[in-house]
Amino acid sequence: MMDSQAHVGPTESTEGQVLTITVSDPKKESEGMNSYVSYKVNTATNREEFSYGQFGVIRRYSDFAWLSDRLARDVPGAIVPPLPDKAVVGRFGADFVESRRRQLERFLQQTAEHEELSKSHYFQTFLQADDAGLLNAKAEAKVQEKLNEPRRNNTQVPGDGTLATRVGAWLEGSVASLSASMQASQTAHVPQTSEDEILESELAHVANLEAQTQNVSKHAQTLAKRNRDVANGLFEFGLAFTLLGQTEHAPLNDALTKLGSCADQLSLLATEHVAREDAAFRDPVDDQIRHLASVKAALGQRQKHKHAVALAEADLSQRKQAAAGG
């Protein structure tokens, strides 16, 4: 089991109601291609929608990714807190696992602080359902997603007749639907409102802030690499003097050995300093970049749905004109 120290993050969404979530005990499960890291999600709360006051479940990264996706669908327009990026190489290293644990914990704590997201039944299921309950929730969500998928066209394909007849009817309906959609797209006009102008200005601000924050992150990575190189250099320096001391006689060997030990201690301090800098500075900067991406995604979804409404209105207008002319 990989050592980790969970950081308590109590959240008071309303006065007197507490929701504290921590992520701890990362552990590598299985071996080979099917290996992954599991995390213990601990919850302490006095909110009535939860069955117990204190409880814990075991989750893996894919479970967090499922929750993020369901929250975005369940609460349209909400800015869902970002998840850490997926990784293929080095995902079992101690530093990476600890960094991911912190980011996953931050994701849950920020979700708990969100007034609407924290009330989602998907969030509550994620926190308290056992493995079987979570699998059932995933299956039900997949079924519901298929039921909510819009039909590509309204043409009824005959259930009898030859295969060629059914395929021909399907193709005819698809072509007609595609043609109508193209015509509607050409005639659709998305009116610009004052809210749109404000959001466009905010989106430009977000894009500019994202570029600047990415630049800060890039320089922070360069500085961290330089500090790691210093720590490694001190270690090699200390090792060299320790080995040299073993070849000399007293009192020189004792002085060289102490010098090597001192360099080793400085190497450890430098390594710990880099780790603290990552946690205190780089992690929040990278988290800010992911937050800005979430804001852009939410605004993009708004524009996408608004355009879909405009297309539907244009298509309806065309159908009314065709019906009146017929």
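This text goes with the structure placed above it.
Residues numbered from 1 in each chain as written. Predicted model: local features only at pLDDT ≥ 70, side-chain atom pairs only at ≥ 80, totals over all residues. Heavy atoms only, no water.

S.K.: Account for the overall build of the protein chain, naming residues and giving values.
M.R.: Per the secondary structure count, the protein chain includes seven helices and four strands. Order of helices (α) and strands (β) in the protein chain, N terminus to C terminus: β-β-β-β-α-α-α-α-α-α-α. Here the protein chain holds 326 residues, and 33% of them are scored as buried. Once local pairs closer than 6 in sequence are excluded, the contacts in the protein chain between residues at least 24 apart make up 64%. As displayed, the protein chain offers around 20,700 Å² of accessible surface, 55% of which is attributable to carbon and sulfur atoms. (Helix = DSSP H or I, 4+ residues; strand = E, 2+ residues; numbered from the N terminus. Buried < 20%, exposed > 50% of the residue type's maximum accessible area, 1.4 Å probe, protein only. Contact = heavy atoms within 4.5 Å. Areas by Shrake-Rupley, 256 points an atom, 1.4 Å probe, with all protein chains shown as cover.)

S.K.: How would you explain the pairing of strand β4 (residues 54-60) if you had to name every residue and give the values?
M.R.: For a regular strand, side-chain orientation follows a simple rule: the groups alternate between the two sheet faces. What you see with β4 is a clean split: Phe55, Val57 and Arg59 sit on the buried side and Gln54, Gly56, Ile58 and Arg60 on the side with no burial. Across seven bridges, strand β3 (residues 36-45) lies against β4 in antiparallel orientation. Across the sheet, residue Asn42 finds its bridge partner in β4, namely Gly56. (Pairing = 2+ DSSP bridges.)

S.K.: Residues and numbers for the pattern of salt bridges, please.
M.R.: Enumeration according to the criterion identifies 17 salt bridges in this entry. Here Asp283 makes a salt bridge to Arg102, at a shortest N to O gap of 2.5 Å. Of this pair, Asp283 sits in helix α7 (residues 252-325) while Arg102 sits in helix α2 (residues 94-113); the two residues are 181 residues apart in sequence, bridging distant segments of the chain. The class of Asp283 is buried, set by a relative accessible area of 6%. The network of salt bridges with common partners includes Glu98, Arg101, Arg102, Glu105 and Asp283. (Salt bridge = Lys/Arg side-chain N within 4 Å of Asp/Glu carboxyl O.)

S.K.: Requested: an account of the nonpolar core, with residues and values cited.
M.R.: Formed by 31 residues in total, the largest nonpolar core has its most connected members in Val41, Leu67, Leu108 and Phe123. Mapped onto this core, the elements with two or more residues apiece are β2 (19-29), β3, β4, α1 (61-74), α2, α3 (121-128) and α4 (131-148). With near-sequence residues (within four places) excluded, Val41 lies in contact with Ile21, Thr22, Val23, Phe55, Gly56, Val57, Arg59, Phe64, Leu108, Phe126 and Leu127. (Core = buried A, V, L, I, M, F, W, Y, C linked by side-chain atoms within 4.5 Å.)

S.K.: Describe a nonpolar patch on the surface, and please don't skip the residues or the numbers.
M.R.: Among the surface-exposed residues, Phe235, Leu239 and Leu243 lie close enough to one another that they form a single nonpolar patch of about 290 Å² accessible area. If you trace the backbone, Leu239 turns up in helix α6 (residues 194-247). A relative accessible area of 41% means that Leu239 is categorised as partly exposed. (Patch = residues over 30% accessible without salt bridge, like charges linked within 9 Å, V, L, I, M, F, W, Y side chains within 5 Å.)

S.K.: Outline the packing of α1 against α4, listing residues and values.
M.R.: Where α1 contacts α4, the two axes come as close as 12 Å, and the packing angle between them is 40 degrees. Relative to α4, the element α1 lies oblique. Of the two possible hands of crossing, α1 and α4 adopt the one that is left-handed. Counting all contacts with α1, which are made through Asp63, Trp66, Arg70 and Arg73, the residues of α4 involved are Leu134, Ala137, Lys138, Ala141 and Glu145. (Axes fitted to C-alpha atoms, helices over the stretch in contact; angles between N-to-C directions. Parallel < 35°, antiparallel > 145°, perpendicular 65-115°, else oblique. Left-handed = near helix turned anticlockwise from the far one by under 90°.)

Purely geometric stuff here, so don't read any function into it on its own.
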